[in-house]
Amino acid sequence: MDKEKKKTIITKHAAHGKDTGSIKVQIALVTERITYLTGHLEKHKKDNHSRRGLLMLVGKRRKLLNYFKAIAKEDAYGTFVAELGLRK
């Protein structure tokens, strides 16, 4: 992920101008990395080191989503998950 892509993701999901670490921004960045690694593994099927990294990122995103669901209102969680295109 290049700097410009990361910057657009941060500005899209940030709560205010200097927000770079809120839960929504973290989830969006991890989701982008998961998408990139998924495409990488479609080309390189035997890259087990990247596969392990992908599985770790999926677990991290799941933990972040569970935390966000616990602290956010139900409609905010649902709209955010739909915005990212996730299944849950």
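Thresholds, definitions, all that
Residues numbered from 1 in each chain as written. Predicted model: local features only at pLDDT ≥ 70, side-chain atom pairs only at ≥ 80, totals over all residues. Heavy atoms only, no water. 1 Å grid on protein atoms, 1.4 Å probe; cavity = no way out; pocket = protein on both sides within 12 Å on 5 of 7 lines; lining within 4 Å. Points joined across faces, edges and corners; volume = space filled by probe spheres on them. Helix = DSSP H or I, 4+ residues; strand = E, 2+ residues; numbered from the N terminus. Nonpolar A, V, L, I, M, F, W, Y, C, P; charged D, E, K, R; others polar. Buried < 20%, exposed > 50% of the residue type's maximum accessible area, 1.4 Å probe, protein only. Arc of directions from axis to C-beta. Contact = heavy atoms within 4.5 Å. Core = buried A, V, L, I, M, F, W, Y, C linked by side-chain atoms within 4.5 Å. Phe/Tyr/Trp six-rings, centres within 6.5 Å; stacked < 30°, edge-to-face > 60°.

## Observations concerning the layout of surface pockets
Empty pockets left among the atoms are what a rolling probe the size of a water molecule brings to light.
Here's step 1: There is about 180 Å³ of room inside the largest pocket.
Here's step 2: Lining the largest pocket we find Lys5, Thr8, Ile9, Lys12, His13, Ala28, Thr31, Glu32, Thr35, Glu83 and Leu84.
Here's step 3: Only α1 (3-13), α2 (23-43) and α4 (74-84) provide two or more residues apiece to the lining of the largest pocket.
Here's step 4: The element best represented in the lining of the largest pocket is α1, accounting for five residues.
Here's step 5: Residue composition of the lining of the largest pocket, by class: three nonpolar, four polar and four charged.

## A short note on the environment of Thr35
Here's step 1: With respect to the element layout, Thr35 can be found in helix α2.
Here's step 2: Exposure remark for Thr35: the relative accessible area of 48% places this residue in the partly exposed category.
Here's step 3: The spatial distance from the C-alpha of Thr35 to the C-alpha of His16 is 26 Å, given a sequence separation of 19 residues.

## Remarks on α4
Residues spaced three or four apart along an α-helix point in a common direction, a consequence of the helix completing one turn every 3.6 residues.
Here's step 1: Among all positions in α4, only Tyr77, Phe80 and Val81 are buried. Down the axis of α4, the buried side of the element spans an arc of 95 degrees, and every buried residue falls inside it. Facing away from the buried side of α4, by more than 90 degrees, are the exposed residues Asp75 and Ala82.
Here's step 2: In this structure, the buried residues of α4 make contact with α1, α2 and α3 (48-71).
Here's step 3: Of the residues flanking the end of α4, it is Gly85, one or two places downstream, whose phi is positive at about 80 degrees.

## Points about the nonpolar core
Note that soluble globular proteins tend to have their nonpolar side chains buried in a common cluster.
Here's step 1: In this structure, Ile27 and Phe68 are the most contacted members of the largest nonpolar core, which totals 15 residues.
Here's step 2: For this core, the element with the highest residue contribution is α2, accounting for six residues.
Here's step 3: With near-sequence residues (within four places) excluded, Ile27 lies in contact with Arg61, Leu64, Leu65, Phe68, Phe80 and Leu84.
Here's step 4: Grouped together as the second largest cluster of nonpolar side chains are five residues, Ile9, Val25, Ala28 and Leu29 included.

## Points about the packing of aromatic side chains
Here's step 1: All chains considered together, the criterion is met by two aromatic pairs.
Here's step 2: With 5.4 Å between their ring centres and 65 degrees between their planes, Phe68 and Phe80 make a pair best called edge-to-face. Of this pair, Phe68 sits in helix α3 while Phe80 sits in helix α4, and the two are twelve residues apart along the sequence. For the pair Phe68 and Phe80, a shared accessibility class is recorded, and that class is buried.
Here's step 3: Members of the aromatic cluster, each reached through a chain of ring pairs, are Phe68, Tyr77 and Phe80.

Scope: geometric values only; no functional claims are made or implied.
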